[in-house]
Each structure stands twice: as structure tokens, then as C-alpha cells.
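Next come the chains, spelled out residue by residue.
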Amino acid sequence: MKNIFKNTTLVLGLFLATSLSLTSCHRSDDESDDLPQEELSDVLLKVTDQATGTPVVYDYQVNSTTNPNVKLVNGHTYDVEVIFKNGNEDATQEIRDAKDEHFLVYNFPNSDITLTRTDDPSSTRKDGAHVGLKTRWVVNTAVKNTAATSQLVLTLFHQPVTVSEASAVSGNGVVYGTHTGGETDAQANYNITN
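Residues numbered from 1 in each chain as written. Predicted model: local features only at pLDDT ≥ 70, side-chain atom pairs only at ≥ 80, totals over all residues. Heavy atoms only, no water.

Quick look at the overall build of the chain
Point 1. A count of helical and extended segments in the chain gives 2 helices and 12 strands.
Point 2. Start at the N end of the chain and walk to the C end: the helices and strands fall as α-β-β-β-β-β-α-β-β-β-β-β-β-β.
Point 3. Buried positions account for 37% of the 194 residues belonging to the chain.
Point 4. By sequence separation, contacts in the chain at least 24 residues apart represent 71% of the contacts at least 6 residues apart. (Helix = DSSP H or I, 4+ residues; strand = E, 2+ residues; numbered from the N terminus. Buried < 20%, exposed > 50% of the residue type's maximum accessible area, 1.4 Å probe, protein only. Contact = heavy atoms within 4.5 Å.)

See the structure below:
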């Protein structure tokens, strides 16, 4: 009888140890798509006015109490690239590597800006949607109402169920991109000025 309990205890112990080791070793199928906001230090906008060809970089620092002021001229067209940083390390490639798991939504409250996504294949999802790392902005009116704040609220979503590049009027501005499901990987705010 003593041997039966001993053997049963040994078998149970081995089963539990094996179960725990299998559970603890199992990880997400694709860890490269994990880009939590706490691992990001900066979200940069590289804004190039087509009239001058000169890029200006605006640095949103995560957890900062101030937003960068992005100066835009009415009637001008800009090529814009989004760059994600973790300290000195460029984390943008992680988004490209997991492009089917990410999508950027651009919200321009109090601005009239026409946005077109210009991503190349490195940041175009299997479903054909462009992630939004590269865009072109036609600035109709940078600041519609001087009594209100004009901004870009840029949100990176992780594992959205569905995405669309469609735009929609939102209050006094336009939102480019919609999604269902997923989580926010990062959100950056920039003030839009003339």
C-alpha cells in the first residue's frame, strides 16, 4: 500500500512538473509584434514639405507633459514618415516585421488635411491595407478655428480584427482609418500650427 501511494505521488509530481514546463515554455507565436507603449520612448514625425524638400522631425516623447508643435502651411503638400524609437534604437522595423498585426489611425481635430497612405510593400498588410508609416498630407486649412486646439492624435493599434483606410468627419476635423478590436500599442499627440 505504501508503494502505491509513493508511485502515485511520483507520477503526479512528474505530470505537474511536465505540465508546468510546457505551459511556461509556450509563448505567443510571434513575439516580434509585441510593442507595448512602455517600451517606446519617442514617436517621431519626419515631415517633408514638397515645396522645399527639407525634412523637419517632430519628437513626441512618451509621458511628456508637452506636445510638439508641427508647423504646416495652408496649401502645401507634405510627405510624412512615422518612426518609433526605444531610446536610441529604431523600433519601426518591429512594426514592419509584424505589419499584419498593426495599423495607424490619424485623427486631425480642428484641421482640414487630406491624408493618403503611401506605404511601400514593407508596410502593406496582406489584406492590402497600408499600415500608415508613410503618408502624404495636403493641408487645406491647418487650423480651422483659432479659438480651439488643432492636433494630430496618432494611434498605433496592435492586432485589430478589421481595418479600413476610409476617412470620416469627426467633429471639426477628419479621422483617417478605422478598426475593430485590438489594443493600443502607442498614442502620440502633436499640436498643429500655422
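Read on, since the account is not over.
Observations regarding the packing of aromatic side chains
Point 1. Here the structure, examined in full by the defined rule, presents 4 aromatic pairs.
Point 2. Between Tyr 106 and Phe 108, the aromatic rings sit 6.5 Å apart at their centres with planes inclined by 15°, giving stacked as the arrangement. (Phe/Tyr/Trp six-rings, centres within 6.5 Å; stacked < 30°, edge-to-face > 60°.)

Here we look at the sheet that holds strand 6 (residues 102-108)
Point 1. In space, the 6 strands of this open sheet follow the order 3-12-9-6-11-10, with mixed pairing throughout. Only two strands of the sheet have a single neighbouring strand rather than two, namely strand 3 (69-71) and strand 10 (162-170). Recorded for the sheet is a direction-independent mean angle of 30° between the axes of neighbouring strands.
Point 2. Inspection of the sheet shows strand 6 paired to strand 11 (residues 173-180) by 3 bridges, in the antiparallel sense. Pairing of Asn 107 across the sheet is with Val 175, part of strand 11. (Pairing = 2+ DSSP bridges. Axes fitted to C-alpha atoms, helices over the stretch in contact; angles between N-to-C directions.)

All we've got here are geometric facts, nothing functional implied.
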